[in-house]
Amino acid sequence: MRIVIAVIIGYLIGSISTALIVSQVMGHIDIRQYGSGNAGATNIARVLGKRAGAITLIADLLKGVIAVLIGQWLGGQWGAVLAGMAAILGHNWPIYFQFRGGKGVATTLGAALVISPLIGLLMLLIAGAIILVTRYVSLGSIIASIAYPILVLIISPDPWLILFSIFTCVMIIARHKSNIKRLLTGSESKLGEKAKKV
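Residues numbered from 1 in each chain as written. Predicted model: local features only at pLDDT ≥ 70, side-chain atom pairs only at ≥ 80, totals over all residues. Heavy atoms only, no water.

A.B. asks: Sorry, what's going on with helix H8 (residues 159-175) here?
C.D. replies: Side chains three or four residues apart in an α-helix point the same way, a direct result of the helix having 3.6 residues per turn. Compared with an ideal rise of 1.5 Å per residue, which puts 17 residues at 24 Å, H8 spans 24 Å between its outermost C-alpha atoms and is within 8% of the ideal. What H8 keeps buried is the set Trp-160, Leu-161, Phe-164, Ser-165, Phe-167, Thr-168, Cys-169, Met-171 and Ile-172. The elements touched by buried residues of H8 are helix H4 (50-92), helix H5 (105-115), helix H6 (117-134) and helix H7 (137-155). (Helix = DSSP H or I, 4+ residues; strand = E, 2+ residues; numbered from the N terminus. Expected span 1.5 Å × (residues − 1). Buried < 20%, exposed > 50% of the residue type's maximum accessible area, 1.4 Å probe, protein only. Contact = heavy atoms within 4.5 Å.)

Given below as structure tokens:
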């Protein structure tokens, strides 16, 4: 029962769409109608600037952190993992915002950093290196998500962590289908480029 409560709380925390709140407060717009149409930190930064993007990124990270900590308190390792997964689902399909959310990268990273700090930091370094070299945030996110279960199997092959890493990898790749198509055609926007209305 405690784990069920952790999952529900995790989903409700994840459903707080920072990007939509920030876009409405700071820009008086619905971010889903601008740029890539994604309710995430990268699109917010392109449309409303670095400050708005940073606020969104930090808040989305904290959603994963808080959900996992609550889950851990209520149900141990499995509570942490399931609450983290629920927070990602909430971010992607928020109950408060017509189930139209973001892609879950920052929330995944926040959860991963708490669940396994070393592996979370390695993911962050991989994503950062790819983004620094290519300036494609989506590519960095996708490659880091693919590396996650591989790192888990090498460093800490615990069943609960394997489940979380595979789940997040599948989620991130699935949510980046349109980005993958644009990367293949060379039409993906790079970090720092301004966005236009959808």
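A.B. asks: What exactly am I supposed to notice about the environment of Leu-153 here?
C.D. replies: The residue Leu-153 is located in helix H7 in this model. Along the sequence, Leu-153 and Ala-6 sit 147 residues apart, while their C-alpha atoms lie 26 Å from each other.

A.B. asks: Whenever I open this one, the packing of aromatic side chains confuses me. Can you help?
C.D. replies: Aromatic ring pairs are reported here in terms of the distance separating the ring centres and the angle at which the planes meet. One pass over the structure, following the stated rule, counts 1 aromatic pair. Ring centres of Tyr-148 and Phe-164 lie 6.1 Å apart, and the angle between their planes is 85°; on these two criteria the pair is classed as edge-to-face. Linking Tyr-148 in helix H7 with Phe-164 in helix H8, this pair joins segments that are 16 residues apart in sequence. Directly above the ring of Trp-93 sits Arg-175, whose terminal nitrogen or CZ lies 4.7 Å from the centroid. (Phe/Tyr/Trp six-rings, centres within 6.5 Å; stacked < 30°, edge-to-face > 60°. Lys NZ or Arg CZ within 6 Å of the ring centre and 35° of its normal.)

A.B. asks: What am I meant to see in the layout of surface pockets here?
C.D. replies: By rolling a water-sized probe across the atoms, one finds the places where empty space is left. When its volume is computed, the second largest pocket comes out at roughly 170 Å³. Lining the second largest pocket are 13 residues, and of these Gly-37, Asn-38, Gly-101, Lys-103 and Arg-175 lie nearest its centre. Looking at side-chain class alone, the lining of the second largest pocket contains 2 nonpolar, 6 polar and 5 charged residues. (1 Å grid on protein atoms, 1.4 Å probe; cavity = no way out; pocket = protein on both sides within 12 Å on 5 of 7 lines; lining within 4 Å. Points joined across faces, edges and corners; volume = space filled by probe spheres on them. Nonpolar A, V, L, I, M, F, W, Y, C, P; charged D, E, K, R; others polar.)

A.B. asks: Even after reading the chapter, I still don't get helix H1 (residues 2-14), so can you show me in this structure?
C.D. replies: Here H1 is 13 residues long and its end C-alpha atoms lie 18 Å apart, about the 18 Å a rise of 1.5 Å per residue gives. Residues of H1 that are buried make contact with H4.

A.B. asks: Could you clarify how one ought to interpret the nonpolar core in this entry?
C.D. replies: The nonpolar side chains of a soluble globular protein tend to be buried, and buried together. Counting residues in hydrophobic clusters, the biggest one holds 19 residues, and the most contacted among them are Val-81, Ile-115, Ile-119, Tyr-148, Leu-161 and Phe-164. If you list the elements that add at least two residues to this core, you get H4, H5, H6, H7 and H8. By size, the runner-up hydrophobic cluster in this structure holds 9 residues, among which are Val-22, Ile-29, Ile-44 and Ala-52. (Core = buried A, V, L, I, M, F, W, Y, C linked by side-chain atoms within 4.5 Å.)

A.B. asks: Which parts of the structure should I look at to understand the environment of Leu-109?
C.D. replies: By the secondary structure assignment, Leu-109 is in helix H5. Given the relative accessible area of 17%, Leu-109 is considered buried. For the pair Leu-109 and Leu-57, spaced 52 residues apart in sequence, the C-alpha separation works out to 10 Å.

A.B. asks: Just to check I follow, could you spell out unusual backbone geometry for this structure?
C.D. replies: Glycine aside, negative phi is the norm for most residues, and most peptide bonds take the trans geometry. Positive phi values are uncommon outside glycine, yet Gln-98 reaches one of about 55°. One can find Gln-98 in the loop between H4 and H5. You will see that Phe-99, though not glycine, has its phi angle at about 60°, which is positive. Mapped onto the elements, Phe-99 comes out in the loop between H4 and H5.

A.B. asks: Would you take a moment to explain the pattern of salt bridges for this structure?
C.D. replies: One side chain can pair with another of opposite charge once the charged atoms of both are near each other. The tally for this structure, following the rule as stated, stands at 3 salt bridges. Put simply, Arg-32 and Asp-30 hold a salt bridge, and the shortest N to O gap is 3.0 Å. In this pair, the class of Arg-32 matches that of Asp-30, namely buried. Salt-bridge contacts for Glu-188 lead to Arg-182; the nearest nitrogen and oxygen are separated by 2.7 Å. (Salt bridge = Lys/Arg side-chain N within 4 Å of Asp/Glu carboxyl O.)

A.B. asks: So what exactly am I meant to see when it comes to the side chain of His-91 here?
C.D. replies: With respect to the helices and strands, His-91 occurs in helix H4. According to the relative accessible area criterion, His-91 is buried, its value standing at 6%. When near neighbours in sequence (up to four residues on either side) are disregarded, His-91 contacts Gly-14, Ser-15, Ala-39, Asp-60, Lys-63, Gly-101, Gly-102, Lys-103, Gly-104 and Thr-107.

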